[in-house]
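A look at the structure
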Amino acid sequence: MWATAGPDGHRVSGRLGFWVQPTTEPPARAVHPETPVQHGGEGEGLLDHFARFLLYAGIVGVLGAVAFRTAVVPSTRRTATGEHRETAGTVADDEEVRRLQAALRQIATAGCVLVAIALPARLCAEAAAFPPGQRWEAVETLLYRTPWGIGWWAHCTSALLIAAGLLLARRKGSGALGWRMVSVAALLLPLAPLLAGHGVSDRPLPLSTAATYLHIGAAAAWVGGLACLALAARSAAKRWPDPGHFIPLLGAFSRTARVAVATLIATGALKGWLHLSSPGQLLDTEWGAALLVKLGWVAAAMLVGLYNWRVVQPSLATAPSLGRLRASVLCEVVLATVAIWATAQLATQPL
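Within each chain, residues carry numbers counting from 1 in the order of the written sequence. With pLDDT at 70 or above as the cut-off, local features in this predicted model cover only qualifying residues; side-chain atom pairs require 80 or more to be listed or tallied, and sums for whole chains, interfaces and linings still use all residues. To obtain the side-chain values, all non-hydrogen atoms of the structure were used and water was disregarded.

Regarding the packing of aromatic side chains
Let me state the cut-off plainly: What counts as a ring pair is set by centres within 6.5 Å for rings of Phe, Tyr and Trp (its six-membered ring), and what kind of pair is set by the plane angle: stacked under 30 degrees, edge-to-face over 60, tilted for all other angles. Strands here mean DSSP runs of E at least two residues long; helices mean DSSP runs of H or I at least four residues long; both are numbered from the N terminus. Note on exposure labels: buried denotes an accessible area under 20% of the residue type's maximum, exposed denotes more than 50%, and partly exposed covers the range between, all computed with a 1.4 Å probe on protein chains only. Any Lys NZ or Arg CZ found within 6 Å of a ring centre and within 35 degrees of that ring's normal is scored as a charge over the ring.
What the rule picks out here adds up to four aromatic pairs. For the ring pair Phe53 and Trp341, a centre distance of 5.1 Å and an interplane angle of 70 degrees mean the geometry is edge-to-face. You can see Phe53 sitting in helix α1 (residues 41-79) and its partner Trp341 sitting in helix α12 (residues 322-347), a full 288 residues away along the chain. What makes Phe53 buried here is its relative accessible area of 17%. Note on Trp341: relative accessible area 35%, which makes it partly exposed. Between the aromatic rings of Tyr144 and Trp153, the centroid separation amounts to 6.0 Å while the plane-to-plane angle is 40 degrees, which identifies the pairing as tilted. Look at Tyr144 and you get exposed, because its relative accessible area is 58%. In textbook terms, an aromatic cluster arises when at least three aromatic residues are bridged by ring pairs, as seen for Tyr144, Trp152 and Trp153. For the cation-ring pair, Arg310 lies above Trp309, with the distance from its terminal atom to the ring centre recorded as 4.9 Å.

Some points on the environment of Trp287
Summarising the element assignment, Trp287 is placed in helix α11 (residues 286-318). On the basis of relative accessible area, Trp287 is assigned to the buried category, the value being 5%. Measuring from C-alpha to C-alpha, the distance between Trp287 and Gln345 comes to 9.3 Å, with 58 residues separating the pair along the chain.

Observations concerning the nonpolar core
We apply this condition: In plain words, nonpolar cores are sets of buried Ala, Val, Leu, Ile, Met, Phe, Trp, Tyr and Cys residues tied together by side-chain atoms within 4.5 Å.
Of all hydrophobic cores here, the largest spans 71 residues; its most connected members are Phe68, Trp179 and Trp222. Listed in part, the five residues of the second largest apolar core include Leu276, Ala290, Leu291 and Leu346.

Structural notes on the pattern of salt bridges
Here is the rule we go by: Any Lys or Arg side-chain nitrogen located within 4 Å of an Asp or Glu carboxyl oxygen qualifies as a salt bridge.
The tally for this structure, following the rule as stated, stands at one salt bridge. Of the charged contacts, one joins Asp48 and Arg52 as a salt bridge, the two residues approaching to 3.3 Å between their closest N and O atoms. Of this pair, Asp48 and Arg52 are both found in helix α1, four residues apart, which corresponds to roughly one turn of the helix. Residue classification places Asp48 among the buried positions, given a relative accessible area of 16%.

A look at the confidence of the model for the protein chain
Heads up, the condition is: By definition, pLDDT measures how confident the predictor is in each residue, and it falls between 0 and 100. Contacts: residue pairs with any heavy atoms within 4.5 Å of one another.
Across the protein chain, the average pLDDT comes to 78, with 79% of residues at or above 70. Taken element by element, the predicted model of the protein chain shows its lowest mean pLDDT in helix α2 (residues 85-88) (41) and its highest in helix α5 (residues 147-169) (88). Under a pLDDT of 50 for its full length, residues 37-42 has, in the predicted model, three contacts with residues more than four places off or in other chains. Note that pLDDT drops below 50 for residues 80-92; the model gives that stretch 21 contacts with residues more than four away or on any other chain.

In C-alpha cells, the structure reads:
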C-alpha cells in the first residue's frame, strides 16, 4: 500500500500488486527490518469530512449574517420610508432593528462556535493522515511551509477577530465597531477552505482562486441569509399582529438571494469546467459521483427557494400568514445544510 499528498493537498492512496519469481538461490538478508505502518482508513476520512463540514457551516453562519446585515437590513429600512411606511409598519422602527440585530448576532455567534471547533478538528484530521511516529513533525511542516498552513492561520485569526467583534457588538455604543471587525474577519474566512482544497490546484490559478472565493461567499450569503430570515420570521410571528409587516424584509432578502444564487451557479459551472477534463469524468470517477450528489441537494434547495419566491412570497400580499413561509424557509435551510455536508464530502475526494 502507498499514500502521498496529491497536487491539491489531499491524501491519495492505493495498492500495488506484484509477484516474485521463485528461485533456488538462498534468500538475501534484509537490509532494513520491516516496519509496520498504521493507517487511519475510514476513521481518518470521516474526521476530515466532519472537520470540513464544521468549517463550511461556520463560514455560512458568520458570512451569511454579515451579508444579511449589510445588504438586506439597509434595503428594508429604505423600503420602509415615505409612502411605504404604513405597509412596512415596525420594520423601520429602531426597536425592531435592534431585535433583528440580536437575531443576526445569534446566527453569527453560532457560526463562530463552529469555526472555533473546526480549528483543532482540522489539525487532528491532517495529523491522522501521517504515520504515528511522524505526525507532529509533519504537522509542523504543514503549518509553516504549505498553503494549507497559511489557510489554517487565517482561519485562526478570523475566529479570534469574529469572537472579539461579537463581544463588542453586544456593548452599547460599540455595535458598529464590533460588526466591522466581524465583517473583516468574515472576508478572511473563505481563505481557509480555498488554500486547503481544489481551488489552489487548478490552472489558471488566479481564475480558480477567484471563482472558489466567490463560490463560497455566494453560498454563505444565500444559506446563511436563509437562516437569518428563518429566525427573523420566527420572532416576527410572535410580535407582529399583521404578518404583512414582514413583507419588506422578505422582499429585500429575495433580491439578495437571487444575486447570490446566480453567482453560485456561474462560479460552480466555472469550477467544474476547471476541475474536469471531460464530462465523462462525472460518471466514471469518485469525485464526479460526489459532485453529482452535491448538485442534487443544491438543486432541491433551489427548487424550494423558487417556490418561496414565486408562490409563497406573492401569497403574503393577499393572505398574510407567516406559518407557510416559516415551513418552506425551514425546508430550504435543511436541504441547503445537507448540500453543505455533501460539499464537505466532495472536498475530501482527491481529483
